[in-house]
Amino acid sequence: MHSFSKVIEGASFSPVSQTDIRYQPLQLICLDSSGYIARVIERTEADYVTVKQAAQAHDTLTTLRPGQYVLPGFIDLHIHAPQWPNAGLALDRPLNEWLDTYTFPLEAKYQDVDFAKTVYNNLVQELLANGTTTALYFGTIHNAANLALAKACIKYGQRGFIGKVAMDNPEQTPDYYQDASAQVAVDQTEQFIQQLNDLNQTTDVKQTPVITPRFVPSCTPASLQGLGDLARKYDLPVQSHCSESDWENGYALEHYHMRDADVLDQYGLLTDKAVMAHGTQLNEHDYELFAHQQVAIAHCPISNVYFGNAVLPVKRVLAHHIKTGLGTDISGGYSPSLYQNIRQAVMSSRRLQDGVDNQLSAGQRGVADSAISVKTAFYLATLGGAESLHLQTGKIAPGYLADLQVVSLQNDFQTDTADNVFEKLMYQTTKNEIAQVYVRGKRVK
């Protein structure tokens, strides 16, 4: 009989599609030694008892308490790691002012590697505690600090995708915090790719380097071109911001006489491994381009309330068959919790559908058929993010990575149906209710 490295017995919720979930009241989730789910055995299967007994005998069985549920780990598709100390600050300022006054001065501090270590060790633990098993990170321009972030991910067992931020446009970046030239931005990016590949030789939890032009305003054409060339040379993921705000969207139109997305595409940065954050100002032309190039969108609903100048129409984006996941966008988003962003994704979609200007009649006020369900928001945090990063995770099924969280129901009165339990979990879970977290089968909380 096949022996498993770990067996978890209990109830689970897993996404099936963009609008459906699957509930299993009792099953054995059997993990293999390489950190994948080898089998999921239902209560009715013939060998349920023998597999359970074997796991008990080998002390590899974890049995959940009543009121606990296994969910896939969450994937944060957009987070600025260095901005963690600023989470919640100055969200009432316009984006460009917020960057110049709060964000760039903070990020400049990461030339001090000890400061970087302190922040990144804290952040990675905080994200894992909130059920985030994979994160796509913007770092800073400092490679020593970016390596400190990778080491924090390795130390605490999180799967990180990490970008050395490139920003060389002297007109849009402060002299105390910028790449000295396009060549420096590109060379330092390539250096970071090599440093991270070296680090990966000695560890089980692999970290992935990401090509990271901050956004079109921060970069010159030469750095955008050089980064596009690197993305192709190393076949790596790309991340940036695209049409996040009226200001950013307008910048490309004014300086390039092109859409933001077209500028990035011109330099080879819109690939099937690209994840573009926000996209609140994308238009029909952009959606078709993203769908054709298989570019993913990181939806950051909390941040977009403050800086997006619009609501991303998630339903419309998904109808274009564009890969879409969820991001916290710390510190434009104030919370490290993707549960909070699941809730806001639903709320924002309702605001889009209903409209917000009470001086307009109900028929004119909103955008029909825009509301998403909490099941769709859950899909974004799990399978949507996994597809965006080409990861075999985000779902509880054989052959998928064992990235899991065990969550306790906070308020278990009269909760009769599985759907009701699921909705309560989505709306009420804080990190206090997340009892265990696993990344690639290894318990990290």
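In this text, all values refer to a predicted model and were calculated from it rather than measured experimentally.

A separate point is the domain arrangement of the protein chain. With domains assigned, the protein chain is organised as domain 1 (6-72 + 395-443) and domain 2 (77-389). Taking the mean C-alpha position of each, domain 1 and domain 2 sit 30 Å from one another. Residue-level contacts link 30 residues of domain 1 with 21 residues of domain 2. For the pairing of domain 1 and domain 2, the buried interface totals around 2300 Å² over both sides, and the portion due to carbon and sulfur atoms is 62%. For the domain 1 face of the interface with domain 2, the top three residues by lost area are Gln 18, Met 426 and Tyr 427, together amounting to 28%. Scanning the region where domain 1 abuts domain 2 turns up 3 salt bridges. Close ionic contact of Glu 126 with Lys 431 constitutes a salt bridge, the shortest N to O distance being 2.9 Å. Summed over the shared surface of domain 1 and domain 2, the number is 8 residue pairs in polar contact (both at pLDDT 80 or more). Elements that contribute at least two residues to the side of domain 1 that touches domain 2 include exactly β1 (6-15), β5 (68-72), β14 (404-408), α15 (418-428) and β15 (434-439).

Before going further, it helps to spend a moment on empty space enclosed by the protein. Within this structure, the stated rule accounts for 1 cavity of 30 Å³ or more. Put simply, the largest cavity is a space of about 100 Å³. Contributing to the lining of the largest cavity are 14 residues, with His 80, Trp 98, Leu 99, His 241 and Glu 244 lying nearest its centre. Every element with two or more residues in the lining of the largest cavity is listed here: α2 (95-108) and α10 (301-307). Per-element accounting of the lining of the largest cavity gives the leading share, 3 residues, to α2. Class assignment for the residues of the lining of the largest cavity results in 5 nonpolar, 6 polar and 3 charged.

Parameters at a glance
Residues numbered from 1 in each chain as written. Predicted model: local features only at pLDDT ≥ 70, side-chain atom pairs only at ≥ 80, totals over all residues. Heavy atoms only, no water. Domains from an automatic or database assignment. Contact = heavy atoms within 4.5 Å. Buried area = accessible area lost by both parts, 1.4 Å probe. Salt bridge = Lys/Arg side-chain N within 4 Å of Asp/Glu carboxyl O. Polar contact = N/O pair within 3.5 Å; in protein donor to acceptor, adjacent residues only side chain to side chain. Helix = DSSP H or I, 4+ residues; strand = E, 2+ residues; numbered from the N terminus. 1 Å grid on protein atoms, 1.4 Å probe; cavity = no way out; pocket = protein on both sides within 12 Å on 5 of 7 lines; lining within 4 Å. Points joined across faces, edges and corners; volume = space filled by probe spheres on them. Nonpolar A, V, L, I, M, F, W, Y, C, P; charged D, E, K, R; others polar.

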